[in-house]
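# Commentary on secondary and tertiary structure
Read off the chains here:
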Amino acid sequence: MERKYRYEMIKVQINDFDLEKISKSGQCFRMNPIMEQEKKYALIAHGEYLEMEETTDGICFSCTQEEWDKLWKNYFDCGRDYRKIYRSVDKTDEYMLRAVSCGSGIRILRQEIFETTISFIISQQNNIPRIKKCVQSLCSSFGEEKYNIRREKYYAFPTPERLAGLTLEDLQGCNLGYRSRYILKSSRMIVEGEIDFAGLADMTYEEARAELMKLCGVGIKVAECICLFALHHVEAFPVDTHIKTVLLKYYPDGFPFEKYEGYAGILQQYAFYYDIYGEM
DNA sequence: GGACAGGGTTACG
DNA sequence: CGTAACCCTGTC
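Residues numbered from 1 in each chain as written. Chains lettered and ligands numbered in written order. Predicted model: local features only at pLDDT ≥ 70, side-chain atom pairs only at ≥ 80, totals over all residues. Heavy atoms only, no water.

## Considerations on the packing of aromatic side chains
Filter applied, for reference: Think of it this way: a Phe, Tyr or Trp ring, Trp meaning its six-membered ring, pairs with another when their centres are within 6.5 Å, and the plane angle makes it stacked under 30 degrees, edge-to-face over 60, tilted otherwise. Going along the chain from the N terminus, every DSSP run of H or I of four or more residues is numbered as a helix, and every run of E of two or more is numbered as a strand. Exposed residues in this analysis have more than 50% of their type's maximum accessible area, buried residues have under 20%, and partly exposed residues fall in between, with area computed by a 1.4 Å probe over protein chains only. By the criterion adopted, a ring carries a charge over it if an Arg CZ or a Lys NZ lies within 6 Å of its centre and within 35 degrees of its normal.
Tallied over the full model, the rule gives 24 aromatic pairs. Ring centres of tyrosine 86 and tyrosine 270 lie 6.0 Å apart, and the angle between their planes is 75°; on these two criteria the pair is classed as edge-to-face. Pair noted here: tyrosine 86 is in helix H3 (residues 82-88) and tyrosine 270 is in helix H13 (residues 264-277), with a separation of 184 residues, a long-range link. Seen from their ring centres, tyrosine 273 and tyrosine 277 are 4.8 Å apart, and the 45° between their planes marks the pair as tilted. Taken together, the residues tyrosine 273 and tyrosine 277, both in helix H13 and four residues apart, mark about one turn of the helix. For tyrosine 273, a relative accessible area of 5% corresponds to the buried category. Grouping aromatic residues by their ring pairs yields a cluster made of Tyr95, Phe237, Tyr250, Tyr251, Phe255, Phe257, Tyr260, Tyr263 and Tyr274. In this structure, lysine 24 packs its charged tip against the face of tyrosine 277, placed 4.4 Å from the ring centre.

Written out as structure tokens, the structure is:
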């Protein structure tokens, strides 16, 4: 196969890694299949553009070994043995056994903190396709313009400073609804140091969650999402409408946190995925 | 075609 | 402390 443009590619062997499931898992909103090419995905994260493809003997990434080691390896949580998580599920926990089997290949990503914060403020009372549209619109309007390996334009996620300087009017074109106000206010709080945003990475899960909830438009659920999908506190357990349904139906006596101490959030993600895509 | 709900949160009472 | 209202779209 002839490639139009020359660019670095590396092939990595990773167990329990499924691009489609990761892209559909609802934790990231800028990873999508590339139109013309089946099973090939493009992702924009940490300001960078990455293409990915599953092959029979590994997964191809459009980056150098150095970039992989420095950024993407960690982004995809490659230091963790997910097989160990599957095996750790209680044999009597039938729902979770099915959920994990359905969602095997999902990874919990390490996403950029500001992007995750704004994206999950947008996510409230919203559905995934429209969240993606809102995020894309925000990026193409206010993000830095860059060029990818195909020499196509793409946009980084806007900086806090850029969003903080906007007005409600500026955001009207992004169709964010009442969330516009939350985004402006929270961005300004971050820029003006009203919350210790830079210090979040060094806080414990509980500290980070409390600090995040000071932001406007960030309640318990959104804070848990940021803790899990950006700060990688895998004990964080976001409860949304899907998880609420699951808890009511399959865990009427409460979720067995004691069995899954320290990583309930990962299992939450399998349950979320299974509730949306399972048994179709 | 209008009504309704979609990964909640805020701001009232 | 419970709950209506918040904005915008895609779907029925």
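From this point, the discussion proceeds with the structure in view.
## Notes on the layout of surface pockets
Here is the rule we go by: Buried and open spaces are told apart on a 1 Å grid over the protein atoms alone, a cavity being a set of points where a 1.4 Å probe fits but cannot get out and a pocket being an open set with protein on both sides within 12 Å along at least five of seven lines. Residues with an atom within 4 Å of a point are the lining residues. Grid points are joined across faces, edges and corners, and a volume is the space filled by probe spheres set on the points. Ten residues, namely Ala, Val, Leu, Ile, Met, Phe, Trp, Tyr, Cys and Pro, are considered nonpolar, four, namely Asp, Glu, Lys and Arg, are considered charged, and the remaining ones, Gly among them, are considered polar.
What the largest pocket holds in volume is close to 580 Å³. Residue assignment for the lining of the largest pocket shows that the elements contributing at least two residues are helix H6 (128-142), helix H11 (220-229), helix H12 (241-250) and H13. Looking at the lining of the largest pocket element by element, the count peaks at five residues for H11. Residues that form the lining of the largest pocket fall into these classes: 13 nonpolar, twelve polar and three charged. Contributing to the lining of the second largest pocket are 21 residues, with Asn32, Ala42, Ile44, Tyr49 and Gln136 lying nearest its centre.

## Things to note about a negative patch on the surface
What counts, and what does not: Patch definition: residues above 30% relative accessible area lacking any salt bridge, with like charges linked at up to 9 Å and the nonpolar side chains Val, Leu, Ile, Met, Phe, Trp and Tyr linked at up to 5 Å. For every accessible area listed, the method is Shrake-Rupley and the probe measures 1.4 Å; residues are considered covered only by the protein chains on display. We define a salt bridge as a side-chain nitrogen of Lys or Arg found within 4 Å of a carboxyl oxygen belonging to Asp or Glu. Counting rule for charge: Lys and Arg are taken as positive, Asp and Glu as negative, and neither His nor the chain ends is counted. One atom stands in for each charge, and that atom is NZ of Lys, CZ of Arg, CG of Asp or CD of Glu.
A contiguous patch of negative charge on the surface is contributed by Glu8, Glu48, Glu66, Glu67 and Asp69. Considering every element that reaches the negative patch, the biggest residue donor is helix H2 (residues 65-75), with three residues. Topologically, glutamate 48 is positioned in strand S4 (residues 48-55). A residue is classified by how much of its surface remains accessible, and glutamate 48, at 36% relative accessible area, is partly exposed.

## Quick notes on the protein's contact with DNA strand C
This is how the line gets drawn: One heavy atom within 4 Å of a molecule or strand is enough for the residue carrying it to be called near that molecule or strand. Polar contact is defined as a pair of N or O atoms within 3.5 Å, subject to the rule that within protein one atom must be able to donate a hydrogen and the other to accept it, and that residues adjacent in sequence are counted only when both atoms are side-chain atoms.
For DNA strand C, the full set of nearby residues is Arg130, Lys133, Asn175, Gly177, Tyr178 and Arg179. Counted by atom, the contact set of DNA strand C within 4 Å of the protein is 64% sugar and phosphate. Residue lysine 133 places a side-chain N or O atom 2.8 Å away from a phosphate oxygen belonging to DNA strand C. Within the side chain of arginine 179, one N or O atom sits 3.4 Å away from a base oxygen of DNA strand C. Considering only residue class, the surface near DNA strand C consists of one nonpolar, two polar and three charged.

Honestly, that's just the spatial picture; any functional story needs more than this.
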